[in-house]
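Residue-level listing of the chains:
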Amino acid sequence: MSFRTTDICVDLGGRRIVDHVSISLEAGESLTVLGPNGAGKTTFMRAICGLQAFTGQVEVDGDTLSQLSRVEAARKIGYVAQDMTSLNVRLSVFELLLLAQSSTKLSWRTGSDSRRRASEVLGRLGLERFADSCPKNLSGGERQMIALALALVRSPRLLLLDEPTSALDLANQLSMLEAVTEYTREHGIMTISILHDMNLATRYADQAVMLVNGQVRHQGPTAQVMTPARLSEVYGVTCRTLAVDDGAYTAIYPVHVLRHR
Ligand SMILES: Nc1ncnc2c1ncn2[C@@H]1O[C@H](COP(=O)(O)OP(=O)(O)OP(=O)(O)O)[C@@H](O)[C@H]1O
């Protein structure tokens, strides 16, 4: 069980947006993609789930993405985008969870296995109370949690999360990333998330990749990548680190901007 990208490049509007990005990940690992606004993080993530044309190679469990059908790729890779307009439908959360499991078929799967799986995922994320709600009537943060449930219900091998906590309050940020980390380890899947919150990144990601202008500037174990010197170089902000709970976590405190980009 592994995931690997080799020399991914994406050109858009006559410009190179993602420039020879190679990463790899083993079962049970989480990786965070960091970098300033416009660095190419979302474009890279869209490429590795087949939503964006690219050159280079993506391999999931030894299968090359370009050789998989759309259905096979969607079964292996779960993508939670920033844009959640796909949730603007007149279906309940539970119905959507059943529908998400049926994408390989033309009919809805309403069998007991699908219902059990839908309930299991809602329970795991603490979202049972939303089962009968219509997502378009939920708050931004609630919709963000439902979007994660819809990706997990299909049992992906690779989970891609684009700023998954951007609309969540403090408790839900921790609950969501705890749940994702636990699921990733327990099921031996792999998770890649784009995070702007440095403290969440140091706490929940095993590996980190810092992109600048579409290129990998630093990559490796999170603690080695997210040093004050490197954060200062990439973001132009001086930062201090603070050991929390006897060094169990590293907090990052941004002090001031060194340069305006
Ligand atoms: N369809 C497109 N055509 C032309 N340029 C594009 C297109 N999509 C994205 N870009 C450009 O690619 C660059 C990278 O965008 P991307 O959304 O991947 O960045 P990002 O690192 O995810 O940024 P953010 O942190 O702000 O979400 C941006 O400069 C953006 O303007």
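Refer to the structure above for everything that follows.
From a predicted model like this one, the values you see are computed outputs, not experimental measurements.

Looking at the environment of Pro36
Item 1. For Pro36, the position within the fold is in the loop between strand S3 (30-34) and helix H1 (41-48).
Item 2. A residue is classified by how much of its surface remains accessible, and Pro36, at 10% relative accessible area, is buried.
Item 3. In this structure the C-alpha to C-alpha distance between Pro36 and Met84, which are 48 residues apart in sequence, comes to 22 Å.

A look at the site of the ligand
Item 1. Taken together, 14 residues form the shell around the ligand, and within it Arg15, Gly38, Lys41, Thr42 and Thr43 come nearest.
Item 2. Measuring from an oxygen atom of the ligand, one finds a backbone N or O atom of Ala39 at 3.1 Å.
Item 3. Backbone polar atom of Thr42 to an oxygen atom of the ligand: 2.9 Å apart, as the coordinates give it.
Item 4. The set of elements that each furnish at least two residues to the shell around the ligand consists of strand S2 (15-26) and H1.
Item 5. It is H1 that provides the largest number of residues to the shell around the ligand, a total of three residues.
Item 6. Partitioning the shell around the ligand into residue classes produces four nonpolar, seven polar and three charged.

What about the sheet that holds S2?
Item 1. Spatially, S2-S1-S4-S5 is the arrangement adopted by the four strands of the open sheet, whose pairing is antiparallel. Of all strands in the sheet, those with a lone pairing partner are S2 and strand S5 (63-64), marking the two edges.
Item 2. Pairing analysis gives two bridges linking strand S4 (residues 55-60) to S5, with the strands arranged antiparallel. By the bridge assignment for S5, Glu59 is matched with Thr64.
Item 3. Across the sheet, H1 is in contact with strand S1 (2-12), S2 and S4; its angle to S1 comes to roughly 120 degrees.

What to know about the pattern of salt bridges
Item 1. Across all of its chains, the model carries twelve salt bridges by this definition.
Item 2. Glu182 serves as the salt-bridge partner of Arg124, at 3.7 Å between the closest nitrogen and oxygen. Of this pair, Arg124 sits in helix H4 (residues 112-124) while Glu182 is found in helix H6 (residues 170-187), placing the two residues 58 residues apart along the sequence.
Item 3. Several salt bridges share partner residues, and in doing so they unite Asp61, Asp63, Lys76 and Arg157 into one network.

Structural notes on the environment of Leu65
Item 1. When you line up the elements, Leu65 lands in the loop between S5 and helix H2 (70-76).
Item 2. Spatially, the C-alpha atoms of Leu65 and Ile48 are 8.1 Å apart, while their sequence positions differ by 17 residues.
Item 3. Ignoring sequence-local partners within four residues, the contact set of Leu65 consists of Ala47, Ile48, Cys49, Gly50, Phe54, Val58, Ala73 and Ile77.

Observations concerning the packing of helix H3 (residues 93-100) against helix H5 (residues 140-152)
Item 1. Where H3 contacts H5, the axes come no closer than 9 Å and their chain directions differ by 30 degrees. It follows that H3 is roughly parallel to H5 by the angle criterion. In the crossing of H3 with H5, the sense of the turn from one axis to the other is right-handed. Each of Val93, Leu96, Leu97 and Ala100 in H3 lies in contact with H5, whose residues at this interface are Ile146, Ala149 and Leu150.

Let's talk about the sheet that holds strand S9 (residues 207-212)
Item 1. Strands sit in the order S6-S7-S8-S3-S9-S10 across an open sheet of six strands; the sheet is mixed. In this open sheet, the two edge strands, each paired with only one partner strand, are strand S6 (77-80) and strand S10 (215-221). Mean inter-strand twist for the sheet, computed between neighbouring axes without regard to direction, equals 15 degrees.
Item 2. Strand direction decides the pairing type here: S3 and S9, joined by four bridges, are parallel. By the bridge assignment, Leu31 is partnered in S9 with Gln207.
Item 3. Its contacts with the sheet put H1 on S3, S6, strand S7 (158-162), strand S8 (190-194) and S9, and the angle it makes with S8 is roughly 150 degrees.
Item 4. Against the sheet, H6 contacts S3, S7 and S8, and its axis sits at roughly 150 degrees relative to S8.

The rules behind the values
- Residues numbered from 1 in each chain as written.
- Predicted model: local features only at pLDDT ≥ 70, side-chain atom pairs only at ≥ 80, totals over all residues.
- Heavy atoms only, no water.
- Helix = DSSP H or I, 4+ residues; strand = E, 2+ residues; numbered from the N terminus.
- Buried < 20%, exposed > 50% of the residue type's maximum accessible area, 1.4 Å probe, protein only.
- Near = heavy atom within 4 Å.
- Polar contact = N/O pair within 3.5 Å; in protein donor to acceptor, adjacent residues only side chain to side chain.
- Nonpolar A, V, L, I, M, F, W, Y, C, P; charged D, E, K, R; others polar.
- Pairing = 2+ DSSP bridges.
- Contact = heavy atoms within 4.5 Å.
- Axes fitted to C-alpha atoms, helices over the stretch in contact; angles between N-to-C directions.
- Salt bridge = Lys/Arg side-chain N within 4 Å of Asp/Glu carboxyl O.
- Parallel < 35°, antiparallel > 145°, perpendicular 65-115°, else oblique.
- Left-handed = near helix turned anticlockwise from the far one by under 90°.

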